[in-house]
Amino acid sequence: LLRVVMSHNLTYFETLFLMALALFREAGVDVGVFEAGMGGRLDACNAVRHEVVAVTQVGLDHTQHLGNTEESIAREKLAVVRDGAWVVVSENPAVVRE
């Protein structure tokens, strides 16, 4: 695990996420629930197979990575959705729901 962290220049969040995955695997966890840090296409949580994606209220956060409008941020966050996955979206402005 340490070799992977050191050779890939992982962020603090990515390192903790990888450690959690290793612990869950060792413990035999069948189903995990992960909260994305930044959220979206570039988030470490996107590296695991998922069957349900929940999107909470989209706001203008992480704009340097996700875009500077609610629509662009919603597109980035929803980029994690894979074929066959369930998507749950909380109350949001119309531009996000669309």
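Residues numbered from 1 in each chain as written. Predicted model: local features only at pLDDT ≥ 70, side-chain atom pairs only at ≥ 80, totals over all residues. Heavy atoms only, no water.

1. Overview of the environment of Leu10
Logical step 1: Tracing the backbone shows Leu10 in the loop between helix 1 (2–8) and helix 2 (12–27).
Logical step 2: Owing to a relative accessible area of 27%, Leu10 belongs among the partly exposed residues under this scheme.
Logical step 3: Between the C-alpha atoms of Leu10 and Arg97, which are 87 residues apart in sequence, the distance is 32 Å.
Logical step 4: Setting aside its immediate chain neighbours within four residues, Leu10 contacts Val5, Thr15 and Leu18. (Helix = DSSP H or I, 4+ residues; strand = E, 2+ residues; numbered from the N terminus. Buried < 20%, exposed > 50% of the residue type's maximum accessible area, 1.4 Å probe, protein only. Contact = heavy atoms within 4.5 Å.)

2. Quick word on the pairing of strand 1 (residues 52–55)
Consecutive side chains of a regular strand alternate in pointing toward one face of the sheet and then the other.
Logical step 1: The side-chain alternation of strand 1 yields one buried face, formed by Val53 and Val55, and one unburied face, formed by Val52 and Ala54.
Logical step 2: Of the strand pairs in this sheet, strand 1 and strand 2 (residues 86–89) are connected by four bridges, and their pairing is parallel. If you follow Ala54 over to strand 2, its bridge partner there is Val88. (Pairing = 2+ DSSP bridges.)

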